[in-house]
Amino acid sequence: MPDSTCSHLKTIENIKHAKRRECDECVKIGGRWVHLRTCQECGATLCCDSSPNHHATGHARASGHPVIASAEPGERWLYCYPHDAFAEY
Ligand SMILES: [Zn+2]
Ligand SMILES: [Zn+2]
Ligand SMILES: [Zn+2]
């Protein structure tokens, strides 16, 4: 059970929500995205792995920011990259 070993998800108390309904990186390059995720460390809103550019995963790898939240309406979950752990809120 990866959930029990994740120390990151437990520390998130105030969820950061997307400031805009667009991927911060795709808008710079004219890219398209499928779903949006918001980094819980710095608040960057980036596209998911179903999107061609995988900006949220790229950001997590490059920055070491471990936790994202779904920025999709009606979705209320967090995901930790290093532990591959989901949590609903
Ligand atoms: Zn974790
Ligand atoms: Zn993107
Ligand atoms: Zn970040």
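Presented here is a report on the structure given in the accompanying data block.

Parameters and conventions
Residues numbered from 1 in each chain as written. Chains lettered and ligands numbered in written order. Predicted model: local features only at pLDDT ≥ 70, side-chain atom pairs only at ≥ 80, totals over all residues. Heavy atoms only, no water. Pairing = 2+ DSSP bridges. Helix = DSSP H or I, 4+ residues; strand = E, 2+ residues; numbered from the N terminus. Axes fitted to C-alpha atoms, helices over the stretch in contact; angles between N-to-C directions. Contact = heavy atoms within 4.5 Å. Donors = N, O, S within 2.8 Å, 3.2 Å for Na, K, Ca; no water. Tetrahedral: all angles 85-135°; square planar, octahedral: opposite > 155°, others 65-115°. Buried < 20%, exposed > 50% of the residue type's maximum accessible area, 1.4 Å probe, protein only. Polar contact = N/O pair within 3.5 Å; in protein donor to acceptor, adjacent residues only side chain to side chain.

As for the sheet that holds strand E1 (residues 36–39)
Consideration 1: Strand order in the open sheet formed by five strands is E2-E1-E3-E4-E5, with antiparallel pairing between adjacent strands. Single-partner strands in this sheet number two, and they are strand E2 (45–47) and strand E5 (85–88). Neighbour-to-neighbour, the strand axes of this sheet turn through a mean angle of 30 degrees, independent of strand direction.
Consideration 2: Running at roughly 120 degrees to E2, helix H2 (residues 55–63) makes contact with E1 and E2 of the sheet.

Some details on the coordination of the zinc ion (ligand 3)
Consideration 1: Every protein donor of the zinc ion (ligand 3) is accounted for by Cys39 (SG), Cys42 (SG), His59 (NE2) and His65 (ND1), and the metal-donor separations fall at 2.0 to 2.3 Å.
Consideration 2: In this structure, the zinc ion (ligand 3) is surrounded by four donor atoms whose angles at the metal cover 103 to 115 degrees, and the resulting shape is tetrahedral.
Consideration 3: Residue Cys39 is classed as buried on the basis of its relative accessible area, which comes to 3%.

Overview of the coordination of the zinc ion (ligand 1)
Consideration 1: Around the zinc ion (ligand 1), the protein contributes the donor atoms Cys6 (SG), His8 (ND1), Cys80 (SG) and His83 (ND1), at 2.0 to 2.4 Å from the metal centre.
Consideration 2: Sequence positions of the donors to the zinc ion (ligand 1) reduce to the motif C-x1-H-x71-C-x2-H. With Cys6 in the segment before helix H1 (26–29) and Cys80 in strand E4 (residues 77–80), the pair connects residues that are 74 residues apart, well separated along the chain.
Consideration 3: What makes Cys80 buried here is its relative accessible area of 0%.

Comments concerning the environment of Ile29
Consideration 1: Take Ile29: it is sitting in helix H1.
Consideration 2: By relative accessible area, Ile29 is classed as exposed at 57%.

Some remarks on the side chain of Gln40
Consideration 1: Position of Gln40 among the secondary structure elements: in the loop between E1 and E2.
Consideration 2: Within the local environment of Gln40, its side chain forms a polar contact with the backbone nitrogen of Lys16, the two atoms lying 2.8 Å apart.
Consideration 3: Within the structure, the side chain of Gln40 is placed 3.1 Å from the backbone oxygen of Thr38, a separation counted as a polar contact.

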